[in-house]
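# Report on the structure
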Amino acid sequence: MNSLQKIQTWMKDHSIDVFIINRTDEFLGEYIASYAERLQWISNFSGSSGKAIIFQEKAYLFVDGRYTIQAHEQTDSEFFLVKHLQDYWNFLEELCFEGKIIAIDPTLHSVEEVEKIQQIVDNRKSNLQYLDNNPIDKYWENQPFYPQSKAFIHETKYSGRSTEDKLFEIQSVLKSKSIDYYLLTSLDSIAWLLNIRGNDILNTPLVLSFAIVPLSGKIEFFVDNDKITNVKEELIKFVNFHAFTNIEDYLSTIRNNYVVGIDDNHTAYKFKNICDNNGIATQFLSDPCVYPKAKKNIIELSGARKANIRDGVSITRYLYWLKNEMIINETDEIKAANYLYNLRKNNYLFYSSSFDTISAIGANAALPHYKATSATNLSFTNNSIYLVDSGAQ
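Read on for an overview of the structure. Keep in mind that this is a model prediction, so the values were computed, not measured.

### Re the sheet that holds strand S14 (residues 281–284)
Ordered in space as S12-S11-S10-S8-S13-S14, the six strands form an open sheet in which the pairing is mixed. Taken across any chain shown, the strands that pair with only one partner, and hence form the sheet edges, are strand S12 (239–242) and S14. Ignoring strand direction, the axes of neighbouring strands in this sheet form an average angle of 25°. Of the strand pairs in this sheet, strand S8 (residues 181–184) and strand S13 (residues 259–262) are connected by two bridges, and their pairing is parallel. Bridged to Tyr182 within S13 is Gly261. Set on the sheet, helix H9 (residues 187–194) makes contact with S8, strand S10 (210–214), strand S11 (219–222) and S12; between it and S11 the angle comes to about 130°.

Now the structure itself:
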């Protein structure tokens, strides 16, 4: 019995007609750790974006145009029908027949998305069921553990702004919107606000955590203690520390005459549900960290320019090697990508690649978001187009 069949059997046992799966995590990020690759577990599709609608006897995978070929290659057509992501909502509406029970994991769907699903369900006189536990986690043998990287401080000499300064700006926004607490679940916003980094997600220096920013006072920070032992002294002036799993309990203790701000587009529905069940008012406010994070200060601009110069030297050396030094009969996609990485890794302040290098020759060069593996790796040949797309940080 394959992964899909295990879930379909579970659905029959629990009288669930439809199970919707998003390729994301509880932080609703595009870049996720391996434990959260639930869509890949059930379908074998490894792309960075996708959804699945699972029925008891059939299943559909929805991907965008970048991944059409990859999805067909990675999934078994006997079990999955691949469709375009733009057709997802119409398709869901057509198949939600009257009286059907549709199940979702509310930690993996945004407030906005769940409200849209609920509207479809209501129009079709079906029922939406929120799962307390994701069945994939039950049946996924050897599911990777939660990452446990150590957090580190992104020093002010690189960030250009202190946490204290950033916190003052965010709390000023909350004051102007009459919001008492703001629930922050986007990992990059938490990293920006606290000037911390980590290595919980490949090529993305983030720490798995949540934060609640009050109208005044310290940030309530929910994170595994083992991750932050090295940075507690730097953060304790701005932060009250809590266990990562205690965020639900903390939310439920907020007085119901207070208002909690959330970003409906980027916050898991589970958190709004907790507030609703405890009579706590919520108010939509786009993540207040997004704009100030995007507005680079003088230090950040200078750092970016210097980093691009250093990286540009590596790229120039790489292009020279490709043209003048590479032995074509001894080179393939993976070897070429590794050569570029080795040029970069010795650069001053190099941390990691910013994504897996797309190193593709011949037919593979026509595939968006291609990733060379031992199974797909092509050797270099003359008169072939070579595509390289890469980045560093």
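### A look at the pairing of strand S5 (residues 101–104)
As paired elements, strand S1 (residues 18–22) and S5 share two bridges and run parallel to each other. When the sheet's bridge partners are listed, Val18 is paired in S5 with Ile102. Judged from the four bridges that link them, S5 and strand S6 (residues 127–130) form a sheet pairing that is parallel. In the strand pairing of S6, Ile102 is matched with Leu128. Between S5 and its parallel partner S6, the chain crosses via helix H5 (residues 111–123), and the hand of that crossover is right-handed.

### With respect to the packing of aromatic side chains
Geometry of an aromatic ring pair is reported as the spacing of the ring centres plus the angle between the planes. Taken as a whole, this structure holds 24 aromatic pairs when the rule is applied. Measuring from ring centre to ring centre gives 4.9 Å for Phe27 and Phe210, while their planes differ by 35°; the resulting arrangement is tilted. Of this pair, Phe27 sits in the loop between S1 and helix H2 (38–43) while Phe210 is found in strand S10, placing the two residues 183 residues apart along the sequence. Neither residue differs from the other here; Phe27 and Phe210 are each classed as buried. Consider the rings of Phe62 and Tyr88, whose centres lie 5.4 Å apart with planes at 85°: the pair is edge-to-face. Residue Phe62 is found in strand S3 (residues 59–63), and its partner Tyr88 is found in helix H4 (residues 88–95); the two are separated by 26 residues along the sequence. Among the aromatic residues, ring-to-ring pairing joins Phe27, Tyr35, Tyr146, Phe210, Phe244 and Phe271 into one connected group.

### Some words on the environment of Ala365
With respect to the helices and strands, Ala365 occurs in the loop between strand S15 (358–361) and strand S16 (386–389). Placed 22 residues apart in sequence, Ala365 and Leu387 show a C-alpha to C-alpha distance of 5.5 Å. Filtering out sequence-adjacent residues up to four positions away, Ala365 remains in contact with Ala360, Ile385 and Leu387.

### Concerning the pairing of S1
Of all the five residues making up S1, five are buried; the element is thus mostly covered by neighbouring parts of the structure. The pairing of S1 with strand S2 (residues 51–55) spans five bridges and is antiparallel. Across the sheet, the residue bridging to Phe19 is Ile54, located in S2.

### Details of H5
Note on helix geometry: an α-helix contains 3.6 residues per turn, so any two residues three or four positions apart are oriented the same way. The end-to-end C-alpha distance of H5, which contains 13 residues, comes to 18 Å, matching closely the 18 Å that a straight helix rising 1.5 Å per residue would cover. Directly beyond the C-terminal end of H5, a positive phi value near 55° is found at Lys125.

### Some points on the sheet that holds strand S4 (residues 81–84)
Across a sheet, strands are paired by hydrogen bonds formed along the backbone, either parallel or antiparallel in direction. Pairing is mixed in the open sheet, where six strands are placed in the order S4-S3-S2-S1-S5-S6. If you trace the sheet from one side to the other, it starts and ends with S4 and S6, each paired once. On average, adjacent strands in this sheet sit at an angle of 25° to one another, irrespective of strand direction. The strands touched by helix H1 (residues 3–13) are S1, S2 and S3; relative to S2, the strand with the most contacts, the crossing angle is about 55°. Of the strands in this sheet, S1, S2, S5 and S6 are in contact with H5, which crosses S6 at around 145°.

Criteria and cut-off values
Residues numbered from 1 in each chain as written. Predicted model: local features only at pLDDT ≥ 70, side-chain atom pairs only at ≥ 80, totals over all residues. Heavy atoms only, no water. Pairing = 2+ DSSP bridges. Helix = DSSP H or I, 4+ residues; strand = E, 2+ residues; numbered from the N terminus. Axes fitted to C-alpha atoms, helices over the stretch in contact; angles between N-to-C directions. Contact = heavy atoms within 4.5 Å. Right-handed = clockwise from strand over helix to strand, strands pointing away. Phe/Tyr/Trp six-rings, centres within 6.5 Å; stacked < 30°, edge-to-face > 60°. Buried < 20%, exposed > 50% of the residue type's maximum accessible area, 1.4 Å probe, protein only. Expected span 1.5 Å × (residues − 1).

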